[in-house]
Amino acid sequence: MPKNSSEDEPSWVSSRAEGLSALDLSAAPPVAISPWDVALCVSGTIISCENAIVVALICCTPALRSPMFLLIASLATADLLAGLGLILHFVFLYCLRSQLVSLVTVGLLVASFSASVCSLLAITVDRYLSLYNALTYYSDRTVTRTYLMLILIWSISISLGLLPVLGWNCVADPSTCGVVRPLTKNNLIILSVSSFMVFGAMLQLYMQICRIVWRHAHQIALQRHFLATSHYVTTSKGISTLALILGVFAVCWLPFAIYCLMGDQSYPRVYTYLTFLPAINNSMINPIIYAYRNQDIQKVLWTVCCTCFSSKMPFRSRSPSDV
């Protein structure tokens, strides 16, 4: 059987599978570096640096130990692993061309992106509970619930990441490949449907948060005799923040999820890159929205930058609704 040109494609993001596995690259000649792979590697480097700072700040600051910061650390860790996975993909793709390494790299990316999306949902749940159960939020039950959520998030994500490595891939049967090789079409459908479910759950929870915030702001305005304009400004600011969070998630992930459902391996590879790049850029935006806008993290970061860090700095652990 003659060799297929897909053997020489330099990426697991591929559009064709014509008889031979796209991951059988060990004997393939050197290929030119794809600018798309360079873009993935550069994005991975930026993602890794941004999130490594967040993880280091939270781990090295005893004051940042509330449930909210644990969930932010989980999100940053997942995005950090995603960035490292993109870098390793580029390195192994052009330096160590191996089917096993490719599968492990894809598994790492699936696990890390799954953990990132699930952490976003967990942060949304935590914000909702901090408003709905404001009087009992700062209790041992909240800490226990947070650890259980973290265990569940990473157990599900690691399980999803192991599936391609343990055999649920299209290496043996290229006709089952989806738009992201070596993941099968069914695997991508599950991941895409899960993304839609997470977005739907986040949308529902943030709608509930908006109702709670509107009601609380209205009650405070009546009690303190604030002007209606103050009530409007306070509420609209909170709603704008929630709209930003949902809008970023939708713009980054939904096009790729839709393409994974609608597309197949016969589609041009450029379509996969054009939808996948915004998805990974969500991991670049997450630390800006969830970490660097937080005043406690800003204080620690500013202190470190000024080289006068002190572990005795006074902090007030803010509730998730303040973030």
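Residues numbered from 1 in each chain as written. Predicted model: local features only at pLDDT ≥ 70, side-chain atom pairs only at ≥ 80, totals over all residues. Heavy atoms only, no water.

Trainee: Break down the confidence of the model for the protein for me, citing the residues and quoting the values.
Mentor: On average, residues of the protein carry a pLDDT of 79, and 78% of them reach 70 or more. Per-element confidence in the protein is highest for helix α1 (residues 35-60), whose mean pLDDT is 92, and lowest for helix α6 (residues 228-262), whose mean pLDDT is 76. Confidence drops under pLDDT 50 across residues 1-30; counting only partners more than four residues distant or on other chains, this segment forms 77 contacts. Note on residues 309-315: pLDDT is under 50 here. Beyond four places in sequence and across chains, it has 13 contacts. (pLDDT = per-residue confidence, 0-100. Helix = DSSP H or I, 4+ residues; strand = E, 2+ residues; numbered from the N terminus. Contact = heavy atoms within 4.5 Å.)

Trainee: Lay out helix α7 (residues 269-290) with the relevant residues and their values.
Mentor: The first and last C-alpha atoms of α7 sit 33 Å apart over 22 residues, in line with the 32 Å expected at 1.5 Å per residue. Remark: the principal bend of α7, roughly 35 degrees, maps to M284, with a proline, P287, within the next four residues. (Expected span 1.5 Å × (residues − 1). Bend = angle between axes of the 7 residues up to and from the residue.)

Trainee: Quick one: what's the story with the side chain of S119, residue by residue and with numbers?
Mentor: Topologically, S119 is positioned in helix α3 (residues 99-132). The residues contacting S119, other than those within four sequence positions of it, are S74, L75 and I153.

Trainee: Please give an account of α3 that cites residues and values.
Mentor: Between the first and last C-alpha of α3 there are 49 Å, a value that for 34 residues agrees with the 50 Å anticipated at 1.5 Å per step. Most of α3 is tucked away: 26 of the 34 residues are buried. (Buried < 20%, exposed > 50% of the residue type's maximum accessible area, 1.4 Å probe, protein only.)

Trainee: Describe the state of the cysteines, naming the residues involved and giving the relevant values.
Mentor: A full pass over the atoms with the stated rule returns 1 disulfide. Not engaged in a disulfide, the cysteine C60 finds its nearest cysteine sulfur in C59; these two sulfurs lie 6.4 Å apart. (Disulfide = S-S within 2.5 Å.)

Trainee: Explain the packing of α1 against α7 residue by residue, including any values.
Mentor: The interhelical angle for the contact between α1 and α7, taken along N-to-C directions, is 15 degrees, at an axis separation of 9 Å. Relative to α7, α1 is oriented roughly parallel. Between α1 and α7 the crossing geometry is left-handed. Where α1 approaches α7, its residues W36, D37, A39, L40, S43, I46, I47, E50, N51 and V54 are matched on the opposing element by V270, Y273, L274, F276, L277, I280, N281, S283, M284, P287 and I288. Grouping the amino acids of the contact of α1 with α7 by side-chain chemistry returns 15 nonpolar, 4 polar and 2 charged. (Axes fitted to C-alpha atoms, helices over the stretch in contact; angles between N-to-C directions. Parallel < 35°, antiparallel > 145°, perpendicular 65-115°, else oblique. Left-handed = near helix turned anticlockwise from the far one by under 90°. Nonpolar A, V, L, I, M, F, W, Y, C, P; charged D, E, K, R; others polar.)

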